[in-house]
Amino acid sequence: MANDANDDIQINAKNISIVSAISVAYLLVSYFLVGYKSDQLVLLGIFNLCFYATNTTRRFILGFSIFIVYWIIFDYMKAFPNYNYNDVAIGELYNTEKKLFGIHFNNSVLTPNEYLYLKRTNFVDVFSGLFYLCWIPVPLAFAAYLFYRNKEQFLRFAFTFVLVNLLGFIVYYAYPAAPPWYIQVHGFKFQPLTQGNMAGLARFDKFFNINLFKSIYAKGSNVFAAMPSLHSSYPIIVLYYGIKNRLGVINVFFAIVMAGIWFTAVYASHHYILDVLAGIICAVLGIALFNITISLSVLLKKFLLRYEQIIQ
């Protein structure tokens, strides 16, 4: 769709007031809910810089505000731990995993996480870590590509991404679940306020003598949110829209990353196979729900068209 100057968001007193009010409100709400963090200022700095710089950056940040809203919701989950609303599944999930996917080894039955831990190697540690680093950069890079190539597909991808996350968040609160590493470190007893843990990804940091995954998992919202594995959901969304946009050999790369992330989730003891399967179901369900909604809702189509005009 061609650019329409009348659809540009202009820098005027009204819009400056709106952006300033939103920025201040975000800082205040964040302070009272989760406390002050430097990440909040970085996020606001990026948003305001892009909004005021040029029409191009303004349209870009308004388009990506969909992902910003998701990040804020995810961050605010710290203020409302899911274990305050339902009991955390620890032993039952572990035993179900062992029953369905248990591996017989040395006269005992192990979960796939336990078996892969015994078979760990530096080579697999490095490549699994590289795959897991793709879980956010690849979707965001793909979103940026769609933003400049096809605004309609960008919006569909962005809203599908958020919908899948919201479905995952619902399950987080309905069924709080401990990750495999929790049992390895703390046993089967529930301990609230447990801090995030790199688990098997610590071996990646150790190999390169860095603190990359340590810095990432120190900011986790809730360790009892292992089911579903949204890490496993994201690459499905990317591959689905990659296929829809006929990206050819790039889709092979997306498929490899998807399989690598699924493997690493289990190999690094961050998720059970059950969590990965739940993430896959969550992605498929979210994609299906969005497609059904977009097909039936004229109002949503008009909203997407208007949003597309704003960021064009």
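Further up the page is the structure itself.
For the structure given in this document, a descriptive report is provided here. Since this is a predicted model, take the numbers as computed values, not measurements. (Residues numbered from 1 in each chain as written. Predicted model: local features only at pLDDT ≥ 70, side-chain atom pairs only at ≥ 80, totals over all residues. Heavy atoms only, no water.)

**A closer look at the packing of helix α7 (residues 137-149) against helix α8 (residues 151-174)**
Cut-off, in case you're wondering: For helices, the fitted axis covers only the stretch in contact; all axes are lines through C-alpha atoms, and the angles between them, taken along N-to-C directions, range from 0 to 180 degrees. Here a helix means four or more residues in a row that DSSP labels H or I, a strand means two or more in a row labelled E, and each is numbered from the N terminus. Orientation categories follow fixed angle ranges, with anything under 35 degrees roughly parallel, anything over 145 roughly antiparallel, 65 to 115 roughly perpendicular, and all other angles oblique. Note on convention: near helix rotated counterclockwise from far helix by under a right angle means a left-handed crossing. Clockwise means right-handed. Note on definitions: a residue-residue contact is assigned when non-hydrogen atoms from the two residues lie within 4.5 Å. Residue polarity is assigned by list, with Asp, Glu, Lys and Arg as charged and Ala, Val, Leu, Ile, Met, Phe, Trp, Tyr, Cys and Pro as nonpolar; anything else, Gly included, falls into the polar class.
In contact at an axis separation of 6 Å, α7 and α8 are set at 150° when each is read in the N-to-C sense. In this view, α7 runs roughly antiparallel relative to α8, as classed from their interaxial angle. The two elements α7 and α8 meet at a crossing, and its hand is left-handed. Contact residues: Pro139, Phe142, Ala143, Leu146, Phe147, Tyr148 and Arg149 in α7; Lys151, Gln153, Phe154, Phe157 and Phe161 in α8. Each residue belonging to the contact of α7 with α8 can be placed in one class, and the counts come to nine nonpolar, one polar and two charged.

**Some remarks on the packing of aromatic side chains**
Our working rule: Note on ring pairs: Phe, Tyr and Trp rings are taken, using the six-membered ring of Trp, and paired if centres are within 6.5 Å. Classes follow the plane angle, with under 30 degrees stacked, over 60 edge-to-face and the rest tilted. In this scheme, a residue with accessible area under 20% of its type's maximum is buried, one over 50% is exposed, and one in between is partly exposed, where area comes from a 1.4 Å probe on protein chains only. Charge over a ring is defined by NZ of Lys or CZ of Arg lying within 6 Å of the ring centre and within 35 degrees of the ring normal.
Inspection of every chain in the model, using the stated rule, returns 42 aromatic pairs. When the ring of Tyr70 is compared with that of Phe169, the centres are 6.3 Å apart and the planes differ by 10°; the resulting orientation is stacked. Remark: Phe169 occurs in helix α8 and Tyr70 occurs in helix α3 (residues 55-76); sequence separation between them is 99 residues. On the basis of relative accessible area, Tyr70 is assigned to the buried category, the value being 9%. Given a relative accessible area of 8%, Phe169 falls into the buried group. The interplanar angle of 10° and the centroid separation of 5.7 Å between the aromatic rings of Trp135 and Tyr234 together place this pair among those described as stacked. Of this pair, Trp135 sits in the loop between α6 (122-132) and α7 while Tyr234 is found in helix α12 (residues 230-244), placing the two residues 99 residues apart along the sequence. Just above the ring of Phe51 sits the side chain of Arg58; from NZ or CZ to the centre is 5.7 Å. Of note, Lys151 hangs over the ring of Phe147, and the distance from its end group to the ring centre comes to 4.4 Å.

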